[in-house]
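# A look at the structure
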Amino acid sequence: MRAHPAGPRFGEILAPAGAPAAPADVEAMHALDPVVWPSTAVRSGGDALEQRAVTIAGIDVRDLAAEHGTPLYVLDEVDFRARAAAFRDAYADPDVPADVFYAGKAFLSTIVARWVQEEGLGLDVCTGGEILTAVRAGFPTARMAFHGNNKSVAELDLALEHGIGRYVVDSFEEIVRLAAAAEARGVVAKVLVRVTVGVEAHTHEFIATAHEDQKFGLSLSGGQAEEAVRRILKLPSLRLVGLHSHIGSQIFDTAGFEVSAHRLVALAGKVRDEHGIEVAELDLGGGMGIAYGSDDDPMTPKEMAELLRGIVVRECRALGLDVPRIAVEPGRAIVGPSMVTVYEVGTVKQVDLGNGHVRQYVSVDGGMSDNIRTALYDAEYTVRLVSRVSEAAPVLARVVGKHCESGDIVVRDCWLPGDLAPGDLLGVAATGAYCRAMASNYNHVPRPPVVSVRDGVSRVVVRRETPDDLLALDAGLESD
Ligand SMILES: Cc1ncc(COP(=O)(O)O)c(C=O)c1O
Ligand SMILES: N[C@@H](CCCC[NH3+])C(=O)O
């Protein structure tokens with residue numbers, strides 16, 4: 001392809017220190033790496049460059065933007081279901097029965113809960129709000145597990161009322177609260193003890209959860225986990241079914257899972273020795289990493305399942321334990337890659353970095369209110385011009401939001417065509433997990449909708465908030 005007449009030539013552009021390498025050619029600048037983008041995302045055919053917009057499930061993103069507005073989260077149903085099914089199949093070993101719970105905290109709506117049910121998965125919930133969403137979807141409550149370090153009495157009662165299948169208890173206080181609530185209802189709650197296994201997971205500090213100095217779980221090394229088992233076994237309204245550990249999120253290094261599985265089985269051995277009972281279930285949590293960029297190389301569900309099964313079986317044999325039922329709770333690994341956020345470009349501004357480089361600040365119509373992950377965790381994303389293809393040479397760019405905050409960054413360092421202009425659409429890949437779920441109304445910005453796409457048809461999953469929705473929360477000037 002020919003280079004843009006006005007700009008530098010492809011292949012001759014040097015990136016400043018710390019920035020990714022510039023794309024080698026027009027194709028690379030527009031490529032949709034299947035590792036990062038949902039499975040049905042492709043550039044449409046046609047020779048004219050403007051025809052080569054991105055389609056998802058056969059729908060042109062320009063049509064999606066025209067119909068639903070921007071910013072817009074586009075959820076690829078086929079991709080979501082395929083990932084859920086891949087987890088289900090990976091853990092479907094007749095010799096070692098296992099359950100896969102989709103972690104609804106990553107993203108939950110009634111439609112998504114229905115897909116999860118139809119694909120044969122269970123559901124991990126951690127608040128009353130998530131429970132009510134799943135209940136509204138008619139999700140079988142026996143296939144739900146209730147997590148959280150500070151479940152309120154009201155939430156526990158709500159869960160018991162709906163017959164939630166598992167309670168992952170996180171503190172001594174919760175054991176007392178849950179036992180009392182179950183007793184008052186005349187039911188027996190099935191519980192797993194959330195164990196802090198003391199693993200330093202290799203991920204961002206804010207999303208690591210099994211090292212000692214944090215709020216989740218009952219410490220293994222401090223003896224609290226064993227003490228929790230003792231207390232549960234004394235309470236007739238609770239039934240101990242298992243042990244649970246979740247080491248963190250966006251993890252690539254399997255060593256943490258291995259150590260965690262090893263320590264949970266060792267604890268199961270101690271429980272057997274002290275109480276003469278074998279725990280029936282071992283839940284190893286979620287946290288499986290996904291590719292946000294082409295360099296990320298996550299394990300497949302199958303590889304991960306084989307690894308975890310292997311460890312649990314081996315360790316149980318060594319201790320003479322029956323192999324318990326295994327569970328995992330992937331959230332990000334199912335919904336993360338299935339969603340793309342589509343933004344419209346507004347202001348484009350150039351800033352001279354003083355080192356021979358210029359940075360193009362590309363402002364979009366959303367930002368940290370629909371994706372807080374870059375600001376919060378230094379997360380990295382892949383962005384593409386999705387409404388057309390451009391032959392302009394790439395420029396070092398930063399995609400920023402519209403909020404009153406300089407840290408309002410969506411994609412910190414990327415290369416985008418040098419002719420980006422207001423009205424162009426950008427797509428940010430792999431925004432399914434913890435983006436809409438953690439969205440806010442900062443600066444009174446209404447949260448974007450989630451629209452699912454399949455076979456050329458789009459469907460609103462969560463509608464767009466309106467300024468009226470936000471104003472309705474304001475008590476107004478009249479106090480009556
Ligand atoms: C207990 C528990 N299970 C599952 C998950 C899901 O994690 P991920 O979305 O990284 O798979 C989380 C979140 O980190 C969690 O806290
Ligand atoms: N919210 C975090 C993950 C935490 C998962 C819940 N324990 C993220 O966006 O990566």
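Residues numbered from 1 in each chain as written. Chains lettered and ligands numbered in written order. Predicted model: local features only at pLDDT ≥ 70, side-chain atom pairs only at ≥ 80, totals over all residues. Heavy atoms only, no water.

## Focus: the sheet that holds strand 3 (residues 59–60)
One open sheet accounts for 3 strands, arranged 1-2-3; its pairing is antiparallel. Sheet topology places strand 1 (41–43) and strand 3 at the edges, where each strand pairs with a single neighbour. Taken together, the 3 bridges between strand 1 and strand 2 (residues 54–56) define a ladder with antiparallel strand orientation. Each bridged residue has a counterpart across the sheet, and for arginine 43 the counterpart in strand 2 is valine 54. (Pairing = 2+ DSSP bridges. Helix = DSSP H or I, 4+ residues; strand = E, 2+ residues; numbered from the N terminus.)

## Focus: helix 6 (residues 153–161)
Burial in helix 6 covers these residues: Glu155, Leu156, Leu158, Ala159 and Leu160. Residues of helix 6 that are buried make contact with helix 5 (128–136), strand 7 (144–146), strand 8 (166–169), helix 7 (172–185) and strand 9 (189–196). Phi turns positive one or two residues past the end of helix 6, at glycine 163, with a value near 70°. (Buried < 20%, exposed > 50% of the residue type's maximum accessible area, 1.4 Å probe, protein only. Contact = heavy atoms within 4.5 Å.)

## Topic: the side chain of glutamate 281
As for its position among the elements, glutamate 281 is in strand 12 (residues 281–283). A polar atom in the side chain of glutamate 281 sits 2.6 Å from the side chain of arginine 166. Beyond its immediate sequence surroundings of up to four residues, glutamate 281 is in contact with Arg166, Leu192, Val241, Gly242, Leu243, Pro324 and Arg325. (Polar contact = N/O pair within 3.5 Å; in protein donor to acceptor, adjacent residues only side chain to side chain.)

## Focus on the packing of helix 8 (residues 224–233) against helix 9 (residues 255–275)
Contact geometry for helix 8 and helix 9: axes closest at 11 Å, N-to-C directions at 45°. Between helix 8 and helix 9, the angle falls in the class oblique. Remark: the crossing between helix 8 and helix 9 carries right-handed chirality. Of the residues in helix 9, those touching helix 8 at Ala225, Glu226, Val229, Arg230 and Leu233 are Leu267, Lys270, Val271, Glu274 and His275. Partitioned by chemical class, the residues of the contact of helix 8 with helix 9 number 5 nonpolar, 1 polar and 4 charged. (Axes fitted to C-alpha atoms, helices over the stretch in contact; angles between N-to-C directions. Parallel < 35°, antiparallel > 145°, perpendicular 65-115°, else oblique. Left-handed = near helix turned anticlockwise from the far one by under 90°. Nonpolar A, V, L, I, M, F, W, Y, C, P; charged D, E, K, R; others polar.)

## A short note on the UniProt feature "modified residue: N6-(pyridoxal phosphate)lysine" (unreviewed entry) in the protein
As recorded in UniProt, the feature "modified residue: N6-(pyridoxal phosphate)lysine" (unreviewed entry) lies at Lys105. Mapped onto the elements of the fold, lysine 105 is located in the loop between strand 5 (98–103) and helix 4 (110–118). For lysine 105, a relative accessible area of 28% translates into the label partly exposed. The contacts of lysine 105, once residues within four sequence positions are left out, are Asp124, Cys126, Glu130, His147, Tyr434 and Ala437. (UniProt positions renumbered as here; feature names shortened; annotations may be inferred.)

## Concerning unusual backbone geometry
Here the amide bond leading from threonine 70 into proline 71 is cis, since omega sits at -10°, within 30 degrees of zero. Summarising the element assignment, proline 71 is placed in the loop between helix 2 (61–68) and strand 4 (72–76). Located in the positive-phi region is glutamine 250, a residue other than glycine, with phi close to 55°. Among the structural elements, glutamine 250 can be located in the loop between strand 11 (238–244) and helix 9. With relative accessibility at 13%, the residue glutamine 250 sits in the buried group. Positive phi, normally seen in glycine, also occurs at aspartate 378, with a value near 60°.

## A few points about the pattern of salt bridges
Going through the model one piece at a time under the given rule, you end up with 31 salt bridges. Residues participating in the shared-partner salt-bridge network are Glu77, Arg81, Arg88, Asp89, Glu118, Glu119, Arg454 and Asp455. (Salt bridge = Lys/Arg side-chain N within 4 Å of Asp/Glu carboxyl O.)

## Let's talk about helix 5
All of the buried residues along helix 5 are Gly128, Glu130, Ile131 and Ala134. On an axial view of helix 5, the arc spanned by its buried residues comes to 160°, and they lie on one face. Where helix 5 ends, the next residue or the one after it, glycine 138, has phi of about 75°, a positive value. (Arc of directions from axis to C-beta.)

## Focus on the environment of arginine 52
By the secondary structure assignment, arginine 52 is in the loop between strand 1 and strand 2. A residue is classified by how much of its surface remains accessible, and arginine 52, at 19% relative accessible area, is buried. Residues arginine 52 and valine 389, spaced 337 residues apart in sequence, show a C-alpha to C-alpha distance of 5.9 Å.

## Observations regarding the site of ligand 1
Every one of the 15 residues lining ligand 1 counts as a neighbour, but His246, Ser249, Glu329, Arg332 and Tyr434 are closest to it. A distance of 2.9 Å separates an oxygen atom of ligand 1 from a polar atom in the backbone of glycine 331. At 2.8 Å from an oxygen atom of ligand 1 is found a main-chain nitrogen or oxygen belonging to arginine 332. The protein chains hide 93% of the 390 Å² of surface that ligand 1 would expose on its own. (Near = heavy atom within 4 Å. Areas by Shrake-Rupley, 256 points an atom, 1.4 Å probe, with all protein chains shown as cover.)

## Thoughts on the layout of surface pockets
Roughly 1,100 Å³ of volume is contained in the largest pocket. Lining the largest pocket we find 48 residues, and of these Gly104, Lys105, Cys126, Glu130 and Tyr434 sit closest to its centre. Looking at the lining of the largest pocket, the elements with two or more residues in it are helix 5, helix 11 (332–335), helix 12 (373–377) and strand 21 (457–462). Ranked by the residues each element gives to the lining of the largest pocket, the list is headed by helix 5, at 4 residues. For the lining of the largest pocket, the per-class residue count stands at 17 nonpolar, 18 polar and 13 charged. Computed from the structure, the second largest pocket encloses a volume of approximately 900 Å³. Forming the boundary of the second largest pocket are 32 residues, of which Tyr292, Gly293, Glu380, Tyr381 and Thr382 lie nearest the centre. Mapped onto the lining of the second largest pocket, the elements with two or more residues apiece are helix 1 (26–30), helix 12, strand 16 (383–385) and strand 18 (409–417). Top contributing element to the lining of the second largest pocket by residue count: strand 18, with 5 residues. A class-by-class count of the residues in the lining of the second largest pocket yields 16 nonpolar, 7 polar and 9 charged. (1 Å grid on protein atoms, 1.4 Å probe; cavity = no way out; pocket = protein on both sides within 12 Å on 5 of 7 lines; lining within 4 Å. Points joined across faces, edges and corners; volume = space filled by probe spheres on them.)

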